[in-house]
Amino acid sequence: MPLYTVITQKGTVSDETKAKIVGELTRIHVTVMNVPRSFVRVVFLSYAKDSGFAAGVEAPTAALNCVLRSGHTAEEKRDLLKQVWSMFQAHTGIATDQLAISLQEIPSGNAMEMGQIMHAVSNE
């Protein structure tokens, strides 16, 4: 926990860029949310060309979703979203109208990490 799922059109993000994004997502999350680096997971999924849409029109849209434990402050979540948005755009050049980023919070008791039920965030 956290788990970032990054969805992009196949071929729009190189392996080198993916590595940079992973490093930056990890750094940002660790810094903002104060969690160990070993907890941050990132998975890239891709879809076929002509299978992504924005405003009803085919587009190489991208989405990032982060599942994380509930209990972080609104300020932490806003800071995380803003930093992730800026970083992702800087590395991919994706247009603002083709990017969506979301946080999905779950209770700490509904997640396991390294074989153990997660502890509550200290802000809970």
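This text follows the structure it describes.
The model shown is predicted, which means the values in this text are computed figures rather than measured ones.

Draft legend 1. A look at the packing of helix α1 (residues 15-33) against helix α2 (residues 74-92). Interaxial distance between α1 and α2 falls to 10 Å at its minimum, and their mutual angle equals 165 degrees. Accordingly, the angle class assigned to the pair α1 and α2 is roughly antiparallel. Like other packed secondary-structure pairs, α1 and α2 cross with a definite hand, here right-handed. The residues of α2 that touch α1, namely those facing Thr-17, Lys-20, Ile-21, Glu-24, Leu-25, Arg-27, Ile-28, His-29, Val-32 and Met-33, are Glu-76, Lys-77, Asp-79, Leu-80, Gln-83, Val-84, Met-87, Phe-88, His-91 and Thr-92. In terms of residue class, the contact of α1 with α2 is built from nine nonpolar, five polar and six charged.

Draft legend 2. Region of interest: unusual backbone geometry. You will see that Asn-34, though not glycine, has its phi angle at about 55 degrees, which is positive. Among the structural elements, Asn-34 can be located in the loop between α1 and β2 (41-47). Even without being glycine, Asp-50 reaches a positive phi, approximately 70 degrees. Looking at the secondary structure, you find Asp-50 in the loop between β2 and β3 (53-54). Classification of Asp-50 as partly exposed rests on a relative accessible area of 48%.

Rules used throughout
Residues numbered from 1 in each chain as written. Predicted model: local features only at pLDDT ≥ 70, side-chain atom pairs only at ≥ 80, totals over all residues. Heavy atoms only, no water. Axes fitted to C-alpha atoms, helices over the stretch in contact; angles between N-to-C directions. Helix = DSSP H or I, 4+ residues; strand = E, 2+ residues; numbered from the N terminus. Parallel < 35°, antiparallel > 145°, perpendicular 65-115°, else oblique. Left-handed = near helix turned anticlockwise from the far one by under 90°. Contact = heavy atoms within 4.5 Å. Nonpolar A, V, L, I, M, F, W, Y, C, P; charged D, E, K, R; others polar. Buried < 20%, exposed > 50% of the residue type's maximum accessible area, 1.4 Å probe, protein only.

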